[in-house]
Amino acid sequence: MQLLRRIAFFLLSFACLHLADAKTPAVAFISYYSKFCHQTVPESPETSKPVNSATGEDRTLYFDIAYFTGGSQIFPGKSSLDSDGITLSFHPKRRTMFVTENPDVIKLQATLKFHLPPRGYSMWQGNRNLREIHFRGPRIPVRTKSVGFEFFGFWSRKNGELCMVGSGSSLGSSHAASVVLRLKYPVSDPGNVSSLILGSLESVSPGGSLDYFEPVSILAVPHFSEYKYSLMSGGKGNCLRRSDGGMEANLPLELKDQSVCLSQLYQHARSFELEYGSECSDISNSSKCNPLTADSQGLPGFMTIQGIRCEPNRGIRVLVGFHKSIEYWSRAFGYGRVFNPNSMLLGEGAWDEKENKLCVIACRVLGFNRSLHNASVGDCSIQLNLRFPKKMTIQHRSNVVGQISSSKSVSDAGYFPPIGFHGTKNKVRGLPGLKYDYTMLDLVGKSCVEKKIKKGKGTYPSPYSYDMRFDMSVTNSKGQKAEGDASPFFVGEQFYEPYRMHSGTNSRLNLSYRITFTHQVLSNRSVDFSAEGTYNKENGMLCMIGCRHLVSHIKHPTRNETTDCKILITMQFASLNSKARADIKGSIESTRGKEDPLYFAKLQISSHSIYIKQAADSIWRMDIEILLVLVTNTLSCIFVGLQLYHVSKHPDALPFLSFVMLLVLTLGHMIPLLLNFEAMFGAASSRQNVFLGSGGWLEVNEIVVRMVTMVAFLLQFRLLQLTWSSRQTAESRKNLWLCERRVVYLSLPLYVAGGLIAWYAHHWKNSYNRPYLQTRHRFYQPQHYPWDDFKSYAGLILDGFLLPQIVFNLFLNSSEHALSLSFYMGTTIVRLLPHAYDLYRAHSSSWYLDLSYIYANHRQDFYSTSWNIIIPIGGLLFAAIIYSQQRFGGRCILPKRFRASSGYEKVPTINSEEMTTYSQQ
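Residues numbered from 1 in each chain as written. Predicted model: local features only at pLDDT ≥ 70, side-chain atom pairs only at ≥ 80, totals over all residues. Heavy atoms only, no water.

1. Considerations on the overall build of the protein chain
Part 1: Tallying secondary structure elements over the protein chain gives 17 helices and 29 strands in all.
Part 2: For the protein chain, the share of sequence-separated contacts (at least 6 apart) that also reach a separation of at least 24 residues comes to 71%.
Part 3: Here the protein chain displays about 44,700 Å² of accessible surface, and carbon together with sulfur accounts for 56% of that area. (Helix = DSSP H or I, 4+ residues; strand = E, 2+ residues; numbered from the N terminus. Contact = heavy atoms within 4.5 Å. Areas by Shrake-Rupley, 256 points an atom, 1.4 Å probe, with all protein chains shown as cover.)

Below you can see the structure in the form of structure tokens.
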């Protein structure tokens, strides 16, 4: 009976949800609605009059900032950590809202959705602005997962009650769950900071069934068409009047409309690091410093501000959140706005035009610990001011700073001492009037001894270019290594934006830098340096004074942190047209005495990041190599086709083709198609796309190359098949197979021995960790596998594909023209062209990126100056030997005394008629 009821309910809901413009089957719908919602909002017959959208009632019911508890069965396998980033939204469908016979009751349809953040999403990804070639990403956008429920129901304007029935399914489940949604909207004093939406989502299925889930309690922040800024008198009252330098010291924000207001808040003032006073360093007193509640465990280290509503002439609504790590916020803001009353405050703010700062008054959410239905907004004693300084220095590089304080007295419960904060990972770009004040230039002039400029040594990166930012490796005195990055902050008087800055003509220019080590080198935590100095683009020398911010190793930062600015940083950039290996080299050293507790041993810096022009040249070269791959693969098909035409005209030549040679060539085309390691693109094609991001051009041409390789394989296999068939019918097949076995006995040990020698030689050579980028730059040092050596050796075997035919002719002593000149000479040229191209590539470019190889890939053959000479000479020598054998005999290459044994002669065959005629004569 329960099963039939659920099926009937689901079919009814499905039919109703897809008939928005038609009237709902009144009897069936009302009977089911009456069972669960009649006591909440009595049903009323529907009229044909739609709700006037101008009243904004659909926006009044809508919400997307919500907190929920329960319903763990909806998200099976999700941990509490993952659930922090799940957001909840409720969307009434405007076209389905109709007035009923009771004017205070509205009939409507709606959707309730739980949105899961994308896996691995981080809003800070790629925020370092380094010189990188980024991953192109999938062409199809990655959509976030969501769990949705569709509803029908009624809403009472009079008491704010909403009750709806509907259906939906849990994450990963195909079972439709019958559910009831109840929400309570504020009606007595709507549209202010204390207004909250309370409700629940319940399953009507019996406990233990597949579609049952525990009740979900909902606490949401409403969106009102009209909002009353009750905390800010006239939009500007109760603002902190404590001066932070006055209007002249801060940047003004132009809040002209709602979209600009929220956008500026999102970009420039979203994430902050808290700075507690010295009175909070004592763990026993730390609970009194918590801006949330004294019962909270540990002090939060970071704060975020999320904009909800912005009306430039009236005020702004915000969510002020706190957490212990910034990683939480990078995960939680993956989708929408997150609301958690345990760690967030609801606030109102206004822009103070007199002092150019944002003033916010925030309130706590109270009474929700036992049940969300008891939640309320109160204790609006938290005050916050936020400003954007006009000038930044080496010691103060935050584009936004501020303070949180309590308006309560020290003896009152909930009081906490003032807490400072500064922006972290917020965008600096887009703040007009922002300037940088160089305060260390005198010290730079005294500390930096510049090299003498030698003319004719090449050109160096422009200080305004992308080439000034790079990844780097840092090594300390103990040999420990760490990865880091360096990026300019200001170049001269301009904020560093390579595509927007105006290039100057001065050879020497002031620069400021941000340098970060992401691993442990100096201490047990990451180290950030701020530096400023001068750069000379005539010799590529950058010399700076750096500052290191030392924070006490407690669970939260204090305002009394130490700044060490006695640090000298030098970097020598490589020439753009250097022919030799020229990485960026530098050092970081302390100018303090060794007895000073802040002294540290000298750190060595090296960088292998490629320049932008070099990356562009590499992509251009890849395009050329794609064409070469297509041409050579097409030529291979043509030459095999000409050999097939040759044997069709001379079928007697088929048995004299070396089966081993044809097998080697066939495998040379087949293995790339199966294992994806030989057909020019090889296993690195995915890595090429990751590092060089050349769009779909590579993939399209790779498909074409695969198709051409498949055609060459089929033609080669056909030639192999014809040779096998001819050997089965030949009169002297025993002698032919005997010679073929001798070829195998001689070639196989030779191939195995050569493979072992090649493996040992490559293993010995790579044991010295030869750089992957041969002359200048590298992205990473890949792990070397023995399989890579065998792939290279397989390419060498293909280069010498004529060896089995030479040995076969030698044993058979045949002068048969088994191979056409176009086949063996053309295929030889196709195999030797990559070596000639590699010689040209090595001498025409000052560097090359091994990951970008498509043609003449170093992992698919032996490539070096010596090999590129030896292999072509050997290939041409083999072709010359074949020509001589087919003209003068298989043993023509041997001394005369070794040619004594008789050769294999072709005996003509005659039919029975010819035999009869001969006997009669």
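2. Considerations on the nonpolar core
Part 1: By size, the foremost hydrophobic cluster in this structure holds 50 residues, and its most contacted members are M303, L384, L386, F388 and I404.
Part 2: The element that contributes the greatest number of residues to this core is strand 13 (residues 315-323), accounting for four residues.
Part 3: If sequence neighbours within four positions are ignored, M303 has contacts with R270, S271, F272, L274, V320, G321, F322, L384, I404 and F421.
Part 4: Within the second largest apolar cluster, 38 residues are counted, among which are V640, V647, L812 and I882. (Core = buried A, V, L, I, M, F, W, Y, C linked by side-chain atoms within 4.5 Å. Buried < 20%, exposed > 50% of the residue type's maximum accessible area, 1.4 Å probe, protein only.)

3. Details of the state of the cysteines
Part 1: Overall, the coordinates contain five disulfides when judged by the stated rule.
Part 2: Disulfide partner of C547: C565, at an S-S distance of 1.9 Å. On the S-S bond that ties C547 to C565, the torsion sits near 115°, and the link is right-handed. Here C547, found in strand 26 (residues 541-550), pairs with C565, found in strand 27 (residues 562-572); they are 18 residues apart in sequence, far enough to count as distant. The exposure classification of C547 matches that of C565, with both residues buried. (Disulfide = S-S within 2.5 Å.)

4. Observations concerning the pairing of strand 18 (residues 401-406)
Part 1: Counting buried positions over the six residues of strand 18 gives six, a clear majority of the element.
Part 2: Burial of the side chains of strand 18 extends over both faces: V401, Q403 and S405 are buried on one face and G402, I404 and S406 on the other.
Part 3: Two elements, strand 18 and strand 19 (residues 419-423), share four bridges in a ladder whose sense is antiparallel. Following the sheet pairing, V401 is matched in strand 19 by H422. (Pairing = 2+ DSSP bridges.)

5. Details of the packing of aromatic side chains
Part 1: Applying the stated criterion to the full structure yields 23 aromatic pairs.
Part 2: With a centroid separation of 6.4 Å and an interplanar angle of 80°, the aromatic rings of F114 and F149 are classed as edge-to-face. With F114 in strand 5 (residues 105-115) and F149 in strand 6 (residues 146-156), this pair connects stretches of sequence that are 35 residues apart.
Part 3: Relative accessible area serves as the criterion here: at 1%, F149 is assigned to the buried category.
Part 4: Aromatic pair Y535 and F573: ring centres 5.6 Å apart, planes at 80°, arrangement edge-to-face. In this pair, Y535 is assigned in strand 25 (residues 527-536) and F573 in the loop between strand 27 and strand 28 (584-590), connecting sequence segments 38 residues apart. Each member of the pair Y535 and F573 is classed as buried.
Part 5: Through a chain of ring-to-ring contacts, the aromatic side chains of F68, F114, F149, F151 and F213 assemble into a single cluster. (Phe/Tyr/Trp six-rings, centres within 6.5 Å; stacked < 30°, edge-to-face > 60°.)

6. With respect to the confidence of the model for the protein chain
Part 1: Confidence along the protein chain averages 76 in pLDDT terms, with 72% of residues attaining 70 or more.
Part 2: Under a pLDDT of 50 for its full length, residues 1-26 has, in the predicted model, 34 contacts with residues more than four places off or in other chains.
Part 3: This stretch, residues 902-909, has a pLDDT under 50; its non-local contacts, to residues over four places away or in other chains, come to 11 contacts. (pLDDT = per-residue confidence, 0-100.)

7. What about the sheet that holds strand 18?
Part 1: Spatial strand order, 11-12-13-14-15-16-18-19: eight strands in a closed barrel with antiparallel pairing. The mean angle between the axes of side-by-side strands here comes to 30°, regardless of whether they run parallel or antiparallel.
Part 2: Sheet topology places strand 11 (residues 271-275) next to strand 12 (residues 302-311); three bridges connect them, and they run antiparallel. Of the residues in strand 12, the one forming a bridge with S271 is T304. (Axes fitted to C-alpha atoms, helices over the stretch in contact; angles between N-to-C directions.)

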